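Remarks on the overall topology
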Amino acid sequence: MLSIKNLHASVEGKEILKGINLEIKAGEVHAIMGPNGSGKSTLSQVLAGNEAFEVTEGEITLNGENLLELETEERAREGIFLAFQYPVEIPGVSNLQFLRTAVNAMRQHKGQDEMNAAEFMKLAKEISKQVDLDPSFLKRGVNEGFSGGEKKRNEILQALLLQPKLAILDETDSGLDIDALKVVSDGVNALRAEDRAILMVTHYQRLLNHIVPDYVHVLAGGKIIKSGGRELALELEERGYGWLGIKDEEPADSTAN
Amino acid sequence: MKPAPTLSTAFLHPAGQSLPEPLLALRKQRGTALVDMPLPTRKTENWKYSSKYLKLTDDMAISLPAEGKTGSSLAVPGYKVAFLNGVMMPEACEYPDLDGISIQSFSDLSDEDASDLADRLDSTLDNKAVQMARLNSARFEDGLLIRLKPDAVLDQPLFIVHEVTAEASGSAFPRIFVDAGRHSQITLVEEYISSGSAPVMVNTVTEFNVAEGANITSIRLNMEGENVQHIGSTGVVQQRSSRFESHTVGFGGPLRRHDLQVRLEGEGAECKLNGVVVTQGKQHYDNHTTIEHVAAHCNSEETYRNIAADQSHAVFNGRIHIHQDAQKSNADMNNKNLLLSNGAEIDTKPELEIYADDVKCAHGATIGQLDETSLFYLVSRGIGRREANVLLTMAFINELVEQIPVEAVRETVQGRLNHFFEQTFQEA
């Protein structure tokens, strides 16, 4: 589904990604772990098409289509979804209006009729329940005054509404208490499907107790330096990043958070 | 040194003589006082950013004829008064006989009422600060007098549609005086529209005399064409425990100027002033507001938003003057500005003068652009760039549009905004 070859990317002239290679097939769940500053978030942003990051070399294809030639909104319509590490607050745009506009943009792209306000309200309320977000949050400004956990649940709510082909979760576990982590993980697990891939970017392995990945990759210094199965994450938890020859100021376990 | 420009004498000759004698006399007196009136220049402090847009040529001095059809009469849910080129058109007005409320054209006033009115016209305005309002006093051909007896309540909004027909150059001088008795209530909508394309000047004065406990809502919609220079002045004087709420929505033009002056003269009076301005192309818009806290225990709350696209220019100047005896005043002024292009210009200036020591006074002004992070967030959900821009721009003024208490006005405003968005944001 997603194929990344020799990806190099810079921000403000500084190279962050230095040759990433990654293949993700439909139905798979991949986790990318790594210390702070390793380039994890850069990779997420580059996949979503943030223009602040410049791709200098390499290629990314989604089901054979060159992703780098598509604008952010076109990538989203082709099925890329990024759950933001720091979801943006947008006062003055209601969450409901935002979500409906997004869903209808997708539907229009697929040649489907737009959903009217009543139909959409029904759907949005159901999914709000699924991520344990009170429907009153639909009426508020986008993420406006939401707690950290509420923002993350709102991200998962969007993923469930938009039904992407590839969901990228950027540090979705950060700032969550154990109950919220459970709700968010249940939401992500509900996304798991044969025709969908999930890419989780995380510093800590605790999320992987709830969302069990098929593959784990370690990103350091802008490159994937080790790949393995689930057990690699457990090993990182036990031994930190140090044994891989990486300097990291924080251990990769969950208790520190 | 070049002598300061003065108002051309061509502007000092009113045409219509159909007003009652006391008003004709007043007009003549005001006209005499205008001889050699200096015109604002960039050295005139309160016209610093706007004088270059003021272009009064002699062919604009003549009053536009008060005849013809009121063409683009909008469907109005409520009561309606129609003015054409500053003169009331009785056949286009729709309002019933109302208990305790009189709505009359100046021309229809008895000499006694006209004499009373002549004593009070201009009384709500500081003429030094609104130089151009004096021209209206020397030139008005008609006007609307609304009188509410104590406790009278108008049950529906009253729409006052001021249309100018610019078939040829000229000017119009719409005038409104509202005398709101104790505990009376009214919602007024002033709508300024135009047809035709000749360069014209519209110079308006609206005055509100708000007695104790009265509750006034004033909505002002400026939607005239690209050929209309509009100079408007609104004066408000409020007595004890009265409330004045204003909603100004303006779309730019070659010159748009509105001065709003509120005097809180009675204890416990409060005013709430909201304003939205949208400019594009090479348009201009300038809002100058003054709130005089004269009495103690008064509240004022002011929120203005400007959006400037292309090479347009928006100005906001908000003055709050808290007099020595106005203890326990509570004043809050906020002006936020959104630049949609590098070529646009916004000037904002808060002016606070505080002479009382026990007051709360807050003010804030910002100028910014659409937030790239928010834009990326929206498009990352598949929302088109154009639509994302519209959502974010609308978010900037949504709160103020939603507060306009008349649905038909909100719809009109939204329609005009949609038109603005279509011209301003193209699909990538």
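Since the structure is predicted, the reported quantities are computational estimates derived from the model, not experimental observations.

Rules used throughout
Residues numbered from 1 in each chain as written. Chains lettered and ligands numbered in written order. Predicted model: local features only at pLDDT ≥ 70, side-chain atom pairs only at ≥ 80, totals over all residues. Heavy atoms only, no water. Domains from an automatic or database assignment. Contact = heavy atoms within 4.5 Å. Buried area = accessible area lost by both parts, 1.4 Å probe. Salt bridge = Lys/Arg side-chain N within 4 Å of Asp/Glu carboxyl O. Polar contact = N/O pair within 3.5 Å; in protein donor to acceptor, adjacent residues only side chain to side chain. Helix = DSSP H or I, 4+ residues; strand = E, 2+ residues; numbered from the N terminus. Expected span 1.5 Å × (residues − 1). Buried < 20%, exposed > 50% of the residue type's maximum accessible area, 1.4 Å probe, protein only. Arc of directions from axis to C-beta. Nonpolar A, V, L, I, M, F, W, Y, C, P; charged D, E, K, R; others polar. Pairing = 2+ DSSP bridges. Axes fitted to C-alpha atoms, helices over the stretch in contact; angles between N-to-C directions. 1 Å grid on protein atoms, 1.4 Å probe; cavity = no way out; pocket = protein on both sides within 12 Å on 5 of 7 lines; lining within 4 Å. Points joined across faces, edges and corners; volume = space filled by probe spheres on them.

1. Some points on the domain arrangement of chain B
All names here are of chain B. Here chain B is described as being made up of domain 1 (9-266) and domain 2 (370-428). On the domain 2 side, the residues contacting the 13 residues of domain 1 number 10 residues. Buried area between domain 1 and domain 2, both sides added, is near 960 Å², and the carbon and sulfur share of it is 85%. For the pair domain 1 and domain 2, the interface holds 0 salt bridges. On the surface where domain 1 and domain 2 come into contact, there are 0 residue pairs in polar contact (both at pLDDT 80 or more). Among the secondary structure elements, those contributing two or more residues to the side of domain 1 that touches domain 2 are β8 (185-196), β10 (215-222) and β12 (243-251). No other element matches the 4 residues that β12 contributes to the side of domain 1 that touches domain 2.

2. Description of helix α6 (residues 407-424) of chain B
Turn by turn, an α-helix covers 3.6 residues, leaving residues three or four places apart pointing in a common direction. Residue and element names in this part refer to chain B. For α6, spanning 18 residues, the distance from its first C-alpha to its last is 25 Å, which sits close to the expected 26 Å at 1.5 Å a residue. Among all positions of α6, only Val-409, Val-413, Leu-417, Phe-420, Phe-421 and Thr-424 are buried. One side of α6 carries all its buried residues, which in axial view fall inside an arc of 110°. Turned more than 90 degrees from where α6 packs its buried face, Glu-411 and Glu-422 sit exposed.

3. Examining the interface of chain B and chain A
Interfaces are often sized by the amount of accessible area the parts lose when they come together. Opposite the 17 residues of chain B that make contact, chain A presents 33 residues. For the pair chain B and chain A, the summed buried surface comes to about 1,900 Å²; carbon and sulfur atoms form 65% of the total. Among the residues chain B hides against chain A, the three largest losses belong to Phe-376, Tyr-377 and Arg-381 of chain B. Together they make up 41% of the total. Taken together, the links from chain B to chain A amount to 3 salt bridges. Across the salt bridge formed by Glu-71 of chain A and Arg-385 of chain B, the nearest N and O atoms sit 3.7 Å from each other. Taken together, the connections running from chain B to chain A amount to 9 residue pairs in polar contact (both at pLDDT 80 or more). If you list the elements that add at least two residues to the side of chain B that touches chain A, you get α4 (372-379) and α5 (385-403) of chain B. The class makeup of the residues in the side of chain B that touches chain A is 8 nonpolar, 6 polar and 3 charged.

4. Here's the deal with the sheet that holds strand β18 (residues 330-339) of chain B
Paired through their backbone hydrogen bonds, the strands of a sheet run either parallel or antiparallel. Residues and elements named next belong to chain B. One open sheet holds the 10 strands; their spatial order is β2-β1-β5-β8-β10-β12-β14-β16-β18-β20, and the pairing between them is mixed. In the strand order of this sheet, the two ends are held by β2 (87-88) and β20 (360-368), each with one partner. In this structure, strand β5 (residues 158-166) lies alongside β8, joined through 9 bridges in parallel fashion. Opposite Phe-159, over in β8, you have Val-189 as the bridge partner. Each of β12, β14 (270-279), β16 (299-308) and β18 touches α5; the most contacted strand, β16, lies at about 140° to it.

5. Let's talk about the layout of surface pockets
Any space left empty among the atoms is revealed by the rolling of a water-sized probe across them. Reported here for the largest pocket is a volume of approximately 650 Å³. Taken together, 27 residues make up the lining of the largest pocket; nearest its centre are Thr-101 of chain A together with Gly-384, Arg-386, Glu-387 and Leu-391 of chain B. Mapped by element, the contributors of at least two residues to the lining of the largest pocket are α2 (72-77), α3 (95-109) and α4 (117-130) of chain A together with α5 and α6 of chain B. It is α3 of chain A that contributes the most residues to the lining of the largest pocket, 7 residues altogether. Partitioning the lining of the largest pocket into residue classes produces 10 nonpolar, 7 polar and 10 charged.

6. Comments concerning the sheet that holds strand β9 (residues 166-170) of chain A
All names here are of chain A. A sheet is described by the order of its strands in space; here 6 strands give the open sequence β6-β9-β10-β3-β11-β12, paired in mixed fashion. Whereas interior strands pair on both sides, the edge strands pair on one side only; in this sheet they are β6 (80-83) and β12 (223-228). Across the sheet, the mean angle separating the axes of adjacent strands is 20° when strand polarity is ignored. Pairing analysis gives 5 bridges linking strand β11 (residues 215-220) to β12, with the strands arranged antiparallel.

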